[in-house]
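# Per-entry structural report
Single-letter residue listing:
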Amino acid sequence: MTLAYDSVLSTTAVISTVFQFLSGTVICRKYIQKKSTGESSGVPFICGFLSCSFWLRYGVLTNEQSVVMVNMIGSTLFLVYTLVYYVFTVNKRAYVKQFAIVLAILIGVIVYTNSLQDDPQKMIYITGIVCCVVTVCFFAAPLTSLVHVIRVKNSESLPLPLIATSFFVSLQWLIYGVLISDSFIQIPNFLGCLLSLLQLGLFVLYPPRSYSGQGYKLLEQAVPF
């Protein structure tokens, strides 16, 4: 019965996470229509690629097919988003430098963990730690916007659909991590649930005056697995 739960939950988690990743297509479509990235940042796309790539590596090492599948799709999508941003940004040189740094980090971690092939458990442990750190950094990114919401007492700048989706996705992966007893999946998604609940709580404490604020005009934050 537990295996059946694992299978159903992993399938629904993969599907909902892929839909979350696809939110980047809305942003890229705007870039293509305007033929410009405006003042928006492409860093979330680069970091999304980095995070999905690390989790893909972790999934391969732990032989977790659902983790492999969702992050194979995610890393591909974020790479496409990164290329679209590059085509339409005027700061191409700076963007290439940012991507080069991320690529160097990715290659460096892979090379280091490959040197630990005689100790597979240590390979998994180091890769899991890196995945957790990167994912927690992503979840921590919106904290600055929370300070702004509390200061102005208005949650209009927060994207409610994205936050609700993030909570739902994090909750699924948290439960899945519990079922397979994987703390590296549990920890970041537990923190993701807490952060999402905190953001949702702000909608109750400080209701938006309208649902047409900046958070709804352009969802620039794509949260990776």
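Residues numbered from 1 in each chain as written. Predicted model: local features only at pLDDT ≥ 70, side-chain atom pairs only at ≥ 80, totals over all residues. Heavy atoms only, no water.

### Focus: the UniProt feature "transmembrane region" (unreviewed entry) in the protein
In the numbering used here, UniProt assigns the "transmembrane region" (unreviewed entry) feature to residues 12-31, 43-61, 67-88, 95-112, 124-146, 158-179 and 185-206. Helix makes up 100% of residues 67-88 and strand 0%, whereas the separation of the span's terminal C-alpha atoms amounts to 32 Å. Secondary structure over residues 95-112 splits into 100% helix and 0% strand, and the C-alpha atoms at its two ends are 26 Å apart. (UniProt positions renumbered as here; feature names shortened; annotations may be inferred. Helix = DSSP H or I, 4+ residues; strand = E, 2+ residues; numbered from the N terminus.)

### Topic: a nonpolar patch on the surface
A cluster of nonpolar side chains, contributed by Ile-187, Phe-190, Leu-191, Leu-194 and Leu-197, occupies part of the molecular surface with about 440 Å² of accessible area. Tracing the sequence through the fold places Leu-191 in helix H9 (residues 183-205). (Patch = residues over 30% accessible without salt bridge, like charges linked within 9 Å, V, L, I, M, F, W, Y side chains within 5 Å. Areas by Shrake-Rupley, 256 points an atom, 1.4 Å probe, with all protein chains shown as cover. Salt bridge = Lys/Arg side-chain N within 4 Å of Asp/Glu carboxyl O.)

### A word on the confidence of the model for the protein
For the protein, per-residue confidence averages 85 on the pLDDT scale, and 88% of positions sit at 70 or higher. Helix H10 (residues 214-217) is the least confidently modelled element of the protein, averaging 46 in pLDDT, while helix H4 (residues 65-88) averages 95, the highest of any element. Taken as a whole, residues 213-224 scores under 50 in pLDDT and shows 39 contacts with residues more than four places along the chain or in a different chain. (pLDDT = per-residue confidence, 0-100. Contact = heavy atoms within 4.5 Å.)

### Here we look at the nonpolar core
Core analysis: the biggest nonpolar cluster contains 39 residues, and Tyr-31, Phe-45, Phe-54, Tyr-58, Phe-78 and Trp-173 have the highest contact counts within it. For this core, the secondary structure elements donating two or more residues are helix H1 (2-21), helix H2 (23-34), helix H3 (43-62), H4, helix H5 (92-114), helix H6 (120-140), helix H8 (160-179) and H9. Residues Val-149, Leu-158, Leu-195 and Leu-202 belong to the second largest nonpolar core, which totals 9 residues. (Core = buried A, V, L, I, M, F, W, Y, C linked by side-chain atoms within 4.5 Å. Buried < 20%, exposed > 50% of the residue type's maximum accessible area, 1.4 Å probe, protein only.)

### What about H9?
An α-helical segment advances 3.6 residues per turn. Residues three or four places apart therefore align on the same side. For H9, spanning 23 residues, the distance from its first C-alpha to its last is 32 Å, which sits close to the expected 33 Å at 1.5 Å a residue. For H9, the full list of buried residues reads Phe-184, Ile-185, Pro-188, Asn-189, Gly-192, Cys-193, Leu-195, Ser-196, Gln-199, Leu-202 and Phe-203. Sitting at the amino-terminal end of H9 is Asp-182, which places a side-chain oxygen 2.9 Å from the backbone nitrogen of Phe-184. (Expected span 1.5 Å × (residues − 1). Polar contact = N/O pair within 3.5 Å; in protein donor to acceptor, adjacent residues only side chain to side chain.)

### Here we look at the packing of aromatic side chains
Considering all chains together, one arrives at 10 aromatic pairs under this definition. Considering the side-chain rings of Tyr-31 and Tyr-85, the 5.6 Å spacing of their centres and the 75° angle between planes classify their relative orientation as edge-to-face. Residue Tyr-31 is located in helix H2, and its partner Tyr-85 is located in helix H4; the two are separated by 54 residues in the primary sequence. Each member of the pair, Tyr-31 together with Tyr-85, is buried. Their ring planes at 45° and their centres at 4.5 Å tell us that Tyr-85 and Tyr-95 sit as a pair that is tilted. Separated by 10 residues along the polypeptide, Tyr-85 in helix H4 and Tyr-95 in helix H5 bring together distant segments of the chain. Assigned by exposure class, Tyr-85 and Tyr-95 land together as buried. Through successive ring pairs, a cluster of aromatic residues spans Phe-21, Phe-45, Phe-78 and Tyr-81. Over the face of the ring belonging to Tyr-86 we find Lys-92, whose NZ or CZ atom lies 5.5 Å from the ring centre. (Phe/Tyr/Trp six-rings, centres within 6.5 Å; stacked < 30°, edge-to-face > 60°. Lys NZ or Arg CZ within 6 Å of the ring centre and 35° of its normal.)

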